[in-house]
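One letter stands for each residue in the lines below.
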Amino acid sequence: MATLVTGGAGYIGSHMVHALVDRGETVVVLDDLSTGFEAVLPDAATLVVGDIGDEVLVGGLIASRGIDAIVHFAGSIVVPESVADPLKYYLNNTVKSRALIAAAVRGGVGAFLFSSTAAVYGEPTVDAPIGETVAPAPVSPYGWSKLMTEVMLRDAAAAHGLAYTVLRYFNVAGADPKGRTGQSTPNATHLIKIACQTALGQRAKMQVFGTDYPTPDGTCLRDYIHVTDLVEAHVLALARLRAGGGNLVANCGYGRGFSVREVVEAVRRVSGVDFVAEVVDRRPGDPSALVADSGLIRRELGWVPALDDLDGIVGNALAWEAALARRNSAPGAR
Ligand SMILES: NC(=O)c1ccc[n+]([C@@H]2O[C@H](COP(=O)([O-])OP(=O)(O)OC[C@H]3O[C@@H](n4cnc5c(N)ncnc54)[C@H](O)[C@@H]3O)[C@@H](O)[C@H]2O)c1
Ligand SMILES: O=c1ccn([C@@H]2O[C@H](COP(=O)(O)OP(=O)(O)O[C@H]3O[C@H](CO)[C@H](O)[C@H](O)[C@H]3O)[C@@H](O)[C@H]2O)c(=O)[nH]1
């Protein structure tokens, strides 16, 4: 029994690799290192540098390493980039996922866990937390590229007996509380990372994109989930799949929204630095509120978040950002 983790050298995938290795599981990471880093992986995991779209490579790994489950994180994740270069996203996220699913089917892999996103909901018109019954309606090529993979999984499962779970993540944030990994991409666009970099003096100031949204303080609301809680949901989902649990598509968030202003205040509070956050115009394509109805995942997986605390998320993110700065300034760092 071994798990193939695609994109395991990336932000979320590396947390999953640590979680599996911590539990004594055998893990093979397949990553092309386009945005991932070998340094964040535990020694006990085997890294294969390669492409998820390489069916021969994946088929060989499944056969030679005894892979019975695939956790598929690999992909391209920047929404504005997907608008500028949609075919990159349809290739890397959709076409290559098709190749990976085909290799899984041919290799007789029983369990497939896929990283999807709240971006499949587009700009929801409902004010209430978003349940899985809300019809997907992506507004970006990124969202469509992930939704298409969900559809391929659904249809391949029906035809070929693959069992799958799709987890639609809301806003993933924070870092490993033990400091082993975190969000390492240099040009990340995520709010909490940018605010932490500003607090640490790596940026002179940050920007708040729009204060005229129909929300209590005029800034966008998001459901920020600690990456460690997200990974715990994956561990539970994997166990459920291996135990013969049925297919599942579930949101992954806490069910509570924080505004951009509240996040900025939390980073100021936790860091003790009163950094500059200037108000600018809206960023195109930002929905005013994205908050998960997380009832299904709690019921189906018995998932009980342990780190549902904004200041705690920010504290772990700040610690990782500081460690990353030290690492990157060390002699010989890349
Ligand atoms: N970060 C978020 O807030 C968020 C939210 C919703 C969904 N997701 C999804 O979670 C997954 C992981 O995201 P992340 O934030 O860890 O991003 P990331 O960029 O840190 O990780 C992606 C990893 O995949 C690898 N990769 C990319 N294309 C590959 C390919 N063709 N073959 C092999 N490896 C490849 C990269 O090198 C990287 O290590 C993605 O599928 C993303 O769509 C992320
Ligand atoms: O410097 C910044 C960065 C972000 N924001 C705001 O902060 C909020 C959160 O923005 P992020 O970029 O951190 O996250 P998004 O909600 O845009 O998107 C994230 O969550 C989505 C699902 O909710 C998708 O999965 C997507 O891939 C992932 O990046 C938005 O209102 C954004 O306008 C700022 O004000 N200033």
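On a predicted model such as this, the values are computed, not experimentally measured, just so you know.

Visitor: Can you tell me about helix H5 (residues 141-160), naming the residues and giving the values?
Guide: Taking 1.5 Å per residue, 20 residues should reach 28 Å; H5 reaches 28 Å between its end C-alpha atoms and fits that length. Those residues of H5 not exposed but buried are Pro141, Tyr142, Gly143, Ser145, Lys146, Leu147, Thr149, Glu150, Leu153, Ala156 and Ala157. Contact partners of the buried residues in H5: helix H3 (79-84), helix H4 (86-107), strand S5 (111-117), strand S6 (163-169) and strand S11 (248-252). The positive-phi residue at the C-terminal boundary of H5 is Gly161, with phi of around 75 degrees.

Visitor: So what's going on with the sheet that holds strand S4 (residues 67-72)? Which residues, and what values?
Guide: Ordered by their spatial adjacency, seven strands build an open sheet running S3-S2-S1-S4-S5-S6-S11, and the pairing between neighbours is parallel. Each edge of the open sheet carries a strand with a single partner, namely strand S3 (46-49) and S11. In this sheet, adjacent strand axes meet at a mean angle of 20 degrees when their direction is disregarded. Judged from the four bridges that link them, strand S2 (residues 26-31) and S3 form a sheet pairing that is parallel. If you follow Asp31 over to S3, its bridge partner there is Val49. Across the face of the sheet, helix H7 (residues 227-242) comes into contact with strand S1 (2-6), S4, S5, S6 and S11 while running at roughly 165 degrees to S6.

Visitor: Explain the nonpolar core residue by residue, including any values.
Guide: With 62 residues, the main nonpolar core has Ile12 and Ile192 as its most contacted residues. With eight residues, the single largest contributor to this core is H7. Mapping this core onto the domain boundaries places at least three of its residues in each of domain 1 (2-174 + 224-252) and domain 2 (191-222 + 255-329). Apart from the residues lying within four places of it in its own chain, the contact partners of Ile12 are Phe73, Tyr169, Val172, Val227, Leu230 and Val231. In this structure, Leu30, Ile62, Phe112 and Leu153 belong to the second largest nonpolar core, which totals 25 residues.

Visitor: An account of the confidence of the model for the chain is needed here, citing residue identities and associated values.
Guide: Per-residue confidence for the chain gives a mean pLDDT of 95; residues scoring 70 or more make up 99%. Predicted complex, confidence summary: ipTM 0.97, pTM 0.97.

Visitor: An account of the sheet that holds strand S12 (residues 258-259) is needed here, citing residue identities and associated values.
Guide: As summarised here, the arrangement of the three strands in space is S12-S9-S14, forming an open sheet in which the pairing is mixed. The open sheet is flanked by S12 and strand S14 (289-290), the only strands paired with a single partner. Here strand S9 (residues 221-222) pairs with S12 via two bridges, running antiparallel. The residue of S12 that forms the bridge with Arg222 is Phe258.

Visitor: Give me the environment of Ile194: which residues, what numbers.
Guide: By the element assignment, Ile194 lies in helix H6 (residues 191-199). Note on Ile194: relative accessible area 17%, which makes it buried. Separated by 75 residues in sequence, Ile194 and Ala119 place their C-alpha atoms 20 Å apart.

What counts and what doesn't
- Residues numbered from 1 in each chain as written.
- Chains lettered and ligands numbered in written order.
- Predicted model: local features only at pLDDT ≥ 70, side-chain atom pairs only at ≥ 80, totals over all residues.
- Heavy atoms only, no water.
- Helix = DSSP H or I, 4+ residues; strand = E, 2+ residues; numbered from the N terminus.
- Expected span 1.5 Å × (residues − 1).
- Buried < 20%, exposed > 50% of the residue type's maximum accessible area, 1.4 Å probe, protein only.
- Contact = heavy atoms within 4.5 Å.
- Pairing = 2+ DSSP bridges.
- Axes fitted to C-alpha atoms, helices over the stretch in contact; angles between N-to-C directions.
- Core = buried A, V, L, I, M, F, W, Y, C linked by side-chain atoms within 4.5 Å.
- Domains from an automatic or database assignment.
- pLDDT = per-residue confidence, 0-100.

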